[in-house]
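Now for the letters of each chain:
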Amino acid sequence: MALHTLHKYICLFGLIVQIVWTSDQVTLLNPPEEPVPDHLLDILYSCDEPATVQLDCVVSFETDTTSTILLRRWSCVPGHRKVKAVALNFPDWLVYRADGIVPDSQRVLSCVLLASVRYSGLDDTVESPAAQDAATLQPKDFFGRPVKQHRLCVPWSTEMLQTTKALSKKQCPMERETVHLLSSVFGSTGETFGITKTLEPYGSEFLEHLRVEAISSPWCMFSVWIFVTRHCQEDLCGLLYHVDSHNNYVTPTLFLQKSGKLHIQMDGESHGSSAFAPTFKVPLREWCQISVVLRGTMVTVSVVCLNKEQRTAYSVVHMLAHTAVLDDTEGYFGIGGGKYIRGVAGYFGPVIYYRNRVPPHSMAEVAVPDVIRTLNLTGWLDACEEFLLEMDVKISGYFLKAQQETESETCFDGLHERMVKYRQPSQSQCELWEATVPHRRQAAKLAKFLVFKHGKRRASLPAVGRALYSLSLHKLSRASNAGAVRRILPLLLQAGCLADNQALHMSSVLYSAGLGVQEQPNKAWLLALLAAQKDERLALLRLGHLHQLGVDGLPTDPDLAYAYYANIAQQTTLDRNDPTPEQTFVEAVYLNNDKVLNLQTNEDHHLFQWLKLEARRGAAEAEQAVARMLFWGQQGVSPDIKKAVRHYKRGAVQWKDPTSMYDYGIVLLQGHGVEKDIPKALTFLKKAMDQGFVPAMNALAWYYEQFEQDYVQAVQLWQQADLLQSPEAAFNLGVMYSGGLYPGKAADQCMAYRYYLKSAERGHIRGAIHLAGIWTTGLPGCVNRRPSDALLWVQWAAEHNGYLGSVLRKALDSYLKSDMFSSLLYYMVAAESGYSPAQFNVAYLCEQNTLHFLDPSFASNCMWRYYNLTLQSRNPDTYALIRMGDLLYEGRSDGQKELSSAAAMYTRAAVRNEPQGWYNLGLLAEEGYRLPLSILIDLGLSELYLADNSLLLSTLYKRCRDSEDTDSYLPCSLALFNVYLQSFKKDYGAAIKFSTAVAVVAAPTIVMIIGVLRRHFLSHN
């Protein structure tokens, strides 16, 4: 009997606990499929203690914001489950179309109904939901929503507003008849690189009708600002021209002649083209506006040149024998150089095209555009001209002085001998021309030194500039912090004025980064333009980067960026065919990657010595590695082409290695580091081909095409190599098709394009450049214009330049020697040129700030700038994503956190399976930040996770734990365990409290029952 009673009590206790655990409940019984007005929603709910039932609507917008709207709230009394009917009262902007009374809203991405049972805490705060249920609604788009029938008297002002087009339909974007073909300044080197622009038809039927009507009788105006630095070296140089789909110059075409006169060409329908040349000339080193106005058969050309306070104006009216024809959507417009013409050497300012009108134009009112005035090019050139004149006088004076001292040495008079003997002080021999202001004394000393040592011929102004730049670098290398930059920067500027373009670029970098000097973006831009216009490679790369992203206040212009990138990309192909010690292979080394850093070596390093030992023992792979390091300057080894050739020869002759045979054959064929020997080169190339080495097959084909003109044999070999995925073979076949050299076939540009595309995708630099050249203008009937893709290809090719590699190598070598300031300086040079790994390394150095060699304020700004720039690349390092997210989370000096941006950074890292990204997103969610729907979609999660934070946290930490990074397993597992613990505490906290209370109350009774049973059991015994 006693055992039965005990079992009864235990079952009753379990039943009570079960009831407690399952008493909190809420369920949406009949949610609608979309937000509709006056829907009657049934909600099933129950609670254990007095609580609150709350119905919310969680709305996510296109702008990544989330809004929670309270729909209803009522009390829950403990007891049996109940069903409550609630009339849904959604906001009008979510249900109806905007009409002037109903406000317009941002685009809604998702809508979630969320019902929850909530308990109040001790301080009357609302705790986490004890139970909840969610339903996803599909919001309607703008035109799918009904119009609300308002039951009120509409004011007259609102009724008039409802009749406007703004509320009846979505507006088309505003279209301008004024087209800014160039809104910045372009530094033109005078080569075949320029800006390509195309125009689209108007979207407005009215404007498009006017444009089509004006094709046969144009009524428009073109305005070009130009600063010519050198007369045209060809018969004609490009200013502004229009090329049609048949590659013909059409209306309007403006060229500059050798004499400085303009050459203007117009195209007609049936009479062909006509050209004329005004009698006036475009002067050198003055900003000039060239305007061309078309009014049917009348062409008005005017030139206004501004030089300080002087204004020179010319104008001429020319009557055409035919009406000009201008279809501005046909073909493309070119500014500067192009495929078929070299550009004007100098600087192009704003270029404006007034499509369907001729604005009021007075030559007396022409003013320099703001962008030119801000640049202040003429101010720099005037100051530089004065400095050049001063230095030229000093060099001439020192040369005469050196001659006089030489003559005095041959005729050493007795008076001078007596003065030396008795050490009598002589009067100063300094001339007036030797007087120098303090900040120019170093340049004067160098000029004097070079004159007395080498004579006037070798002590030219450029030679003084190079010496001054070398001295500046030496001083910078000895500096331990940024404080020395302010003292050295004047030397760099003087070296740049003396024609050292590397000094101009270095100065531009310092002004842009603010390293040791105040940031001056405009001056940095000016110095980069000066260097780029003189064909400085890294300056061209920098300007391409600036206009690709619109950095430092410059306008984003992909076509202008392409012009700069295309120049250095072309130089890259030439540099690779002419390797020099100043070039080094470009290697993307990240300073946080210890594995790659450990692979860096040099001529004295044990790793390089071990490879040399293995090469001597006959290891072909080691021989190849040593030769490659020496030839290209890889992995920290200084370039030494002659030594590399010796390793190529040993691998080819002794080890019979096909790779070494090919490399040795190539250097023999081109004469790199060894005397050119074509017969021997062919021997080794054929041996390599016989062993199946595909590049050797391509090289032999190139020989047959270049030296033997045997196109049949060349094409056969290239086709075989192409089938084996050779990038060079695909490129060369494209060249054959393009030039009409393919045996038995006419020129085929479409087929050439396909082969260029194939070679570029296989990693061929010249193939990428040719592909980009086609994409920048398009190929009628074959491929449309793709300027953004063209820009990416030439950028990729440009970033393989060996001179960029040399700067990166200096930066890495300095880092390995613990010279952090020099490493930062060189990495900044590459970073400001847009090279993403260098940008990362600059930010990383500023973050580490070893021995506090940087001011903390500068280090912080440096991290913000360069981590942010790193993220603009196509494949940024995940560490940069995490660190940028941390910076956004911590906020700037004002302490304002940017949680949404931080979450976006962590998300980008998480989708690349970076565990730290998943972990940080979990921390944000734990802190109460609601991840927007767009982030959930990127993470592959549905909108239902918006309603269940515990489920979201467990999912985030699970993905963090299950990543391939073993180091993240423990912290992610602990975070996941904490989520489970908190969830258990939330779900079963009330039951645990109740069970504890029951246990305390029932404990004496249970003890008494056990005592009775024990006594009863003992009595039986």
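Along each chain, residues carry numbers from 1 onward, in the same order as the chain's sequence is written. Side-chain atom pairs in this predicted model are given and counted only at pLDDT of 80 or more, local residue features only at pLDDT of at least 70, and totals for whole chains, interfaces and linings cover all residues. Water and hydrogen atoms were dropped before computing side-chain values, which therefore reflect all heavy atoms in the structure.

Caption draft 1: Representation of the overall build of the protein in the model. Helix and strand assignments come from DSSP, with helices taken as H or I runs of at least 4 residues and strands as E runs of at least 2, each series counted from the N terminus. For the protein, the helix and strand inventory stands at 37 helices and 20 strands. We call a residue buried when its accessible area falls under 20% of the maximum for its residue type, exposed when it is over 50%, and partly exposed in between, using a 1.4 Å probe and counting protein chains only. Considering the protein as a whole, with its 1021 residues, one finds that 49% of them fall into the buried category. Taking the intrachain contacts of the protein between residues at least 6 apart in sequence as the baseline, contacts between residues at least 24 apart amount to 64%. Per-residue and other accessible areas follow the Shrake-Rupley method at a 1.4 Å probe size, with only the shown protein chains counted as cover for residues. Accessible surface, the protein: about 50,600 Å² in total, of which carbon and sulfur atoms supply 52%. Note on contacts: a residue pair is in contact if any heavy atoms of the two residues lie within 4.5 Å.

Caption draft 2: Layout of the packing of aromatic side chains. Ring geometry is summarised as follows: Phe, Tyr and Trp rings, the Trp one being its six-membered ring, pair when their centres sit within 6.5 Å, and such pairs are stacked at plane angles under 30 degrees, edge-to-face over 60 and tilted between the two. This model, assessed by the stated rule, comprises 30 aromatic pairs. Ring geometry for F222 and F333: centres 6.1 Å apart, planes at 45 degrees, overall tilted. On the criterion of sequence distance, the pair formed by F222 in strand β11 (residues 219-228) and F333 in strand β19 (residues 332-336) is long-range, its members being 111 residues apart. Judged by its relative accessible area of 1%, F222 is buried. Grouped by ring-pair contacts, the aromatic residues Y590, F840, Y844, Y867 and Y879 constitute a single cluster. Positioned above the aromatic ring of W219 is the side chain of R295, whose terminal nitrogen or guanidinium carbon lies 5.8 Å from the ring centre. Charges are assigned to positions over rings by a cutoff of 6 Å between ring centre and Lys NZ or Arg CZ, combined with an angular limit of 35 degrees from the ring normal.

Caption draft 3: Quick peek at the sheet that holds strand β15 (residues 273-276). The criterion for strand pairing is that DSSP finds at least two bridges linking the strands in question. The strand order across the open sheet built from 6 strands is β10-β19-β12-β13-β14-β15, with neighbouring strands paired in antiparallel fashion. A strand with exactly one partner marks an edge of an open sheet, and here the two such strands are β10 (194-197) and β15. Across this sheet, the average inter-strand angle for adjacent strands is 15 degrees, counted without regard to direction. Relative to strand β13 (residues 249-257), strand β12 (residues 236-243) is paired through 6 bridges, and the arrangement is antiparallel. Bridging from a neighbouring strand, G238 pairs with F255 of β13. Only C-alpha atoms enter the line fits that serve as axes; for helices the fit covers just the stretch in contact. Angles between N-to-C directions range over 0 to 180 degrees.

Caption draft 4: Structural detail: the nonpolar core. Ranked by internal contacts, the top residues of the largest apolar core, which has 262 residues, are L262, W380 and L515. At 10 residues, helix α29 (residues 820-831) tops the list of elements feeding residues into this core. Non-local contacts of L262, meaning those with residues more than four positions away in its chain, are made with L239, F255, L256, Q257, F276, A277, P278, F280, V282, I290, V301 and V303. For this analysis, a nonpolar core means a set of buried residues of the types Ala, Val, Leu, Ile, Met, Phe, Trp, Tyr and Cys, connected via side-chain atoms within 4.5 Å. Counting 32 residues, the second largest nonpolar core, distinct from the first, contains W74, L113, Y119 and A135.

Caption draft 5: Region of interest: helix α33 (residues 899-910). Helix length check: α33 (12 residues) gives 16 Å between terminal C-alpha atoms against 16 Å at 1.5 Å per residue, within 8%. Restricting attention to buried positions, one finds in α33 the residues A902, A903, M905, Y906, T907, A909 and A910. Structurally, α33 contributes buried residues whose contacts are with α32 (878-890), α34 (915-926) and α35 (933-938). Working rule for helices: expected span equals 1.5 Å times residues minus one.

Caption draft 6: Representation of the side chain of T300 in the model. Relative to the elements of secondary structure, T300 occurs in strand β17 (residues 298-307). For T300, a relative accessible area of 16% puts it in the buried group. Not counting residues up to four positions away in its chain, the partners in contact with T300 are S291, V292, V293, R295, S315, V316 and V317.

Caption draft 7: Spatial organisation of the packing of helix α20 (residues 658-670) against helix α21 (residues 678-690). Following both chains from N to C, one finds α20 and α21 inclined at 155 degrees, their axes separated by 8 Å at the closest point. One finds that α20 runs roughly antiparallel with respect to α21. When the axes of α20 and α21 are compared, the crossing they make is left-handed. Across the interface between the two elements, P658, M661, Y662, Y664, G665, I666, L668 and L669 of α20 pack against I678, K680, A681, F684, L685, K687 and A688 of α21. Classifying every residue of the contact of α20 with α21 by side-chain character gives 12 nonpolar, 1 polar and 2 charged. Throughout, the term roughly parallel applies to angles under 35 degrees, roughly antiparallel to angles over 145, roughly perpendicular to angles from 65 to 115, and oblique to all others. Left-handed describes a crossing whose near helix is turned anticlockwise from the far helix by less than a right angle; the clockwise case is right-handed. Lys, Arg, Asp and Glu make up the charged group, whereas Ala, Val, Leu, Ile, Met, Phe, Trp, Tyr, Cys and Pro make up the nonpolar group; the residues left over, Gly among them, are polar.

Caption draft 8: Structural detail: the sheet that holds strand β5 (residues 82-87). Taken together, 3 strands build an open sheet; the order of strands is β1-β2-β5 and the sheet is antiparallel. What marks the edges here is a single partner per strand, and that holds for β1 (25-28) and β5. Geometrically, the sheet is characterised by an average inter-axis angle of 25 degrees between neighbouring strands, direction not taken into account.

Caption draft 9: Spotlight on the environment of R961. Mapping R961 onto the fold places it in helix α36 (residues 949-961). Distance in space between the C-alpha atoms of R961 and A975 is 9.3 Å, their sequence separation being 14 residues. A 3.5 Å cut-off defines polar contacts: any pair of N or O atoms within that distance qualifies, except that in protein one atom must be a possible hydrogen donor and the other a possible acceptor, and neighbouring residues in sequence count only when both atoms are side-chain atoms. In this structure the side chain of R961 is engaged in a polar contact, spanning 2.9 Å, whose partner is the side chain of D962.

Caption draft 10: Quick peek at the pairing of strand β16 (residues 287-295). Burial runs high along β16: 8 of the 9 residues are buried. The pairing of β11 with β16 spans 9 bridges and is antiparallel. For W219, the partnering residue across the bridge sits in β16 and is R295. Where β16 lies against β17, 9 bridges are found, and the strand directions are antiparallel. Along β17, the bridge assignment pairs Q289 with V304. Linking β16 back to β17 in an antiparallel pair, the connection comprises 2 residues, with G296 at a positive phi of about 70 degrees.

Caption draft 11: Quick peek at empty space enclosed by the protein. Two kinds of site are reported from a 1 Å grid over the protein atoms alone, namely cavities, where a 1.4 Å probe fits but cannot get out, and pockets, open sets with protein on both sides within 12 Å along at least five of seven lines, and residues are called lining when an atom falls within 4 Å of a point. Grid points are joined across faces, edges and corners, and a volume is the space filled by probe spheres set on the points. Scanning the entire structure with this criterion turns up 4 cavities of 30 Å³ or more. Put simply, the largest cavity is a space of about 120 Å³. The wall of the largest cavity is formed by 14 residues, among which Q583, T584, F585, W632 and G802 lie closest to the centre. Listed by contribution, the elements that provide at least two residues to the lining of the largest cavity are α15 (558-577) and α18 (620-632). Looking at the lining of the largest cavity, its residues break down into 7 nonpolar, 5 polar and 2 charged.

Caption draft 12: Molecular detail of the state of the cysteines. Disulfides are defined in this document as cysteine sulfur pairs within 2.5 Å. Under the definition given, this model contains 6 disulfides. Disulfide pairing is shown between C384 and C497; the S-S distance is 1.9 Å. Across the disulfide from C384 to C497, rotation about the S-S bond amounts to roughly 115 degrees, and the bridge is consequently right-handed. In this pair, C384 sits in helix α7 (residues 377-410) while C497 sits in helix α11 (residues 485-497), placing the two residues 113 residues apart along the sequence. You can call C384 buried: its relative accessible area is 10%. Paired through a disulfide, C846 and C862 show a sulfur-sulfur distance of 2.0 Å.

Caption draft 13: The pattern of salt bridges, seen in detail. Criterion for a salt bridge: a side-chain nitrogen of Lys or Arg within 4 Å of a carboxyl oxygen of Asp or Glu. Under the definition given, this model contains 28 salt bridges. Ionic pairing is found between D327 and R211, a salt bridge with its closest N-O pair at 2.9 Å. Placement of D327 in the loop between β18 (310-319) and β19 and of R211 in helix α5 (residues 205-213) is noted, with a sequence separation of 116 residues between them. The closest approach of N and O atoms between R809 and E587, which form a salt bridge, is 3.1 Å. Here R809 is found in helix α28 (residues 802-816), whereas its partner E587 is found in the loop between α15 and α16 (594-597), with 222 residues between them in sequence.

Caption draft 14: Molecular detail of α29. In a regular helix each residue adds 1.5 Å, so 12 residues correspond to 16 Å; α29 covers 16 Å between its end C-alpha atoms and thus fits that length. For α29, the set of buried residues is M820, F821, S822, S823, L824, L825, Y826, Y827, M828, V829, A830 and A831.

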